[in-house]
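As a plain string of letters, each chain reads:
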Amino acid sequence: MSDHKHSVLLNIGSRMPLLGLGTYKLRGIENIMLTVDAALGAGYRHFDTAAVYRNEVEVGLALRELLPKHGLLRADVFITSKLGPRDQGPMASEACQHSLDQLGLDYIDLFLVHWPGTQGLHVEDPHNSANRAQSWAALEEFHKSGKFRAIGVSNYTVRHLEELLVSCKVAPAVLQVEFHPRLVQRELRALCAQRGVCFEAYSSLGTGALLSDPTVLKVASGCGRSVAQVLLRWAVQQNIPVLPKSCHPSRVLENGQLFNFELSQEDMDKLTSLDNGQRFCWDPTLVA
């Protein structure tokens, strides 16, 4: 994926699209084929999956079958997957290879540690930290071999990321976290900017809660765009990649129409002012 338009430059020298299709809760080969087909047709070139989504096989199959239809090659798309919390530590290397096999790929563009904790361990257990380090070492080996072009982390806090940056041989290229106007993550974004880590958003719509927010509705009405488009544009206008998800082709198309309008600085500020630290997804702050 070398297109410079609507993409961000990672610290390894490759580029990642600002717009990606999230596939969390997207299940069933028919649904996945329909959604991936719509996304490719709408210009999406990044597809985000994970071991815990249990759809790597179907996502890989859909891309293999549909890329030729859209005149695309494997190199034209950017694929992300993630190490599941149950595979943290000693199981990490085997799980990394399993994701490659499930997707049917020779390489994955970006592979992330999905969560700072380990499934089955209490959040305060110090083994969480040791397992993270062992997992990262496994990702570094796959990166060295070329099987993972870029590696990174998801749901890490400032503390988790600082711990990794001190000990790693290969710096993370990406941090993927919950990000929307009610969770602006200033400290985490500042650390990423300082250390050359791409800050990437998930749950841009606040799991749907922000679609009825009066301020967001007013901004959307004022610029003649959908609420979802406004929330996604707010992020990409800050050069933050987004991963909207939908199984409805019409919404996939609508969510992808982000690059033919801009929000005014006043509207950007109105949305940012909604920040109150509210999380709609998982809270990693207690993980040791």
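Below, the structure is looked at part by part. (Residues numbered from 1 in each chain as written. Predicted model: local features only at pLDDT ≥ 70, side-chain atom pairs only at ≥ 80, totals over all residues. Heavy atoms only, no water.)

## Concerning the overall build of the protein chain
Short version of the rule: Secondary structure elements follow DSSP: runs of H or I of four or more residues count as helices, runs of E of two or more count as strands, with numbering from the N terminus. Our radius of gyration looks at C-alpha atoms and nothing else; its globule reference is 2.2 Å times the residue count to the power 0.38. Relative accessible area decides the class of each residue, using a 1.4 Å probe on protein chains only: under 20% of the type maximum gives buried, over 50% gives exposed, and in between gives partly exposed. When checking whether two residues touch, look at their non-hydrogen atoms; a contact exists if any pair is within 4.5 Å. Per-residue and other accessible areas were derived by the Shrake-Rupley procedure at a 1.4 Å probe size, with only the shown protein chains allowed to occlude residues. Counting rule for charge: Lys and Arg are taken as positive, Asp and Glu as negative, and neither His nor the chain ends is counted. Throughout, a charge is located at the NZ atom of Lys, the CZ atom of Arg, the CG atom of Asp or the CD atom of Glu.
Looking only at helices and strands, the protein chain has ten helices and nine strands in total. The globule rule puts the C-alpha radius of gyration for 288 residues at 19 Å, and the 18 Å found for the protein chain is close to it. Each of the three principal axes of the protein chain carries a C-alpha extent, and together these read 50 × 45 × 35 Å. Classification of the 288 residues of the protein chain by burial places 52% in the buried group. Counting contacts in the protein chain only where the partners sit at least 6 residues apart, residues at least 24 apart contribute 73% of the total. A total of about 12700 Å² of accessible surface is found on the protein chain, and carbon and sulfur atoms cover 51% of it. Each charge class in the protein chain was averaged separately, 28 positive and 30 negative side chains, and the resulting centres sit 2 Å apart.

## What about the nonpolar core?
As a reminder of what qualifies: Only buried residues count toward a nonpolar core, which is a set of Ala, Val, Leu, Ile, Met, Phe, Trp, Tyr and Cys residues joined through side-chain atoms within 4.5 Å.
Counting residues in hydrophobic clusters, the biggest one holds 82 residues, and the most contacted among them are Leu10, Val36, Phe47, Phe148 and Leu175. Of all the elements, helix H8 (residues 227-236) adds the most residues to this core, at seven residues. Residues contacting Phe47, with those up to four places away along its chain left out, are Leu21, Val36, Ala39, Leu40, Leu63, Val77, Phe78, Ile79 and Thr80.

## A closer look at the layout of surface pockets
In plain terms, the rule: Throughout, the protein atoms alone are placed on a 1 Å grid, and a set of points is a cavity if a 1.4 Å probe fits but cannot get out or a pocket if it is open with protein on both sides within 12 Å along at least five of seven lines; lining residues have an atom within 4 Å of a point. Grid points are joined across faces, edges and corners, and a volume is the space filled by probe spheres set on the points. Three classes are used, and their members are as follows: Ala, Val, Leu, Ile, Met, Phe, Trp, Tyr, Cys and Pro are nonpolar, Asp, Glu, Lys and Arg are charged, and the others, Gly among them, are polar.
There is about 800 Å³ of room inside the largest pocket. Surrounding the largest pocket, 33 residues form its lining, Tyr24, Tyr202, Ser203, Thr207 and Lys245 being those nearest its centre. Every element with two or more residues in the lining of the largest pocket is listed here: H8 and helix H9 (249-255). For the lining of the largest pocket, the class distribution of residues is 14 nonpolar, 13 polar and six charged.

## Some words on helix H5 (residues 158-167)
Test applied: Note: the arc covers the axis-to-C-beta directions of the helix.
Within H5, the full set of buried residues consists of Val158, His160, Leu161, Leu164 and Leu165. The buried residues of H5 occupy an angular sector of 165° when the element is viewed end-on, so they sit on one face. Seen from the open side of H5, the exposed residues pointing more than 90 degrees away from its buried face are Val166 and Ser167. Looking at the buried positions of H5, the neighbouring elements they touch are helix H4 (127-144), strand S7 (148-154), strand S8 (174-178) and helix H6 (186-195).

## Brief notes about the sheet that holds S8
Note: strands within a sheet are paired through backbone hydrogen bonds, in either parallel or antiparallel orientation. What counts here: At least two bridges found by DSSP between two strands are what make those strands a pair.
Ordered by their spatial adjacency, seven strands build an open sheet running S3-S4-S5-S6-S7-S8-S9, and the pairing between neighbours is parallel. Either end of the sheet is taken by a strand with one partner, and the two such strands are strand S3 (21-22) and strand S9 (198-202).

## Re the packing of helix H2 (residues 56-66) against helix H3 (residues 92-103)
Cut-off, in case you're wondering: Interaxial angles span 0 to 180 degrees and are taken between N-to-C directions of axes, which are lines fitted to C-alpha atoms, for helices over the stretch in contact. Each angle is binned into one of four classes, with values under 35 degrees roughly parallel, values over 145 roughly antiparallel, values of 65 to 115 roughly perpendicular, and all other values oblique.
Between H2 and H3, whose axes approach to 7 Å, the crossing angle comes to 45°. One way to sum up the angle between H2 and H3 is to call them oblique. Where H2 abuts H3, its residues Glu56, Val57, Val59, Gly60 and Arg64 lie against Ser99, Gln102 and Leu103.

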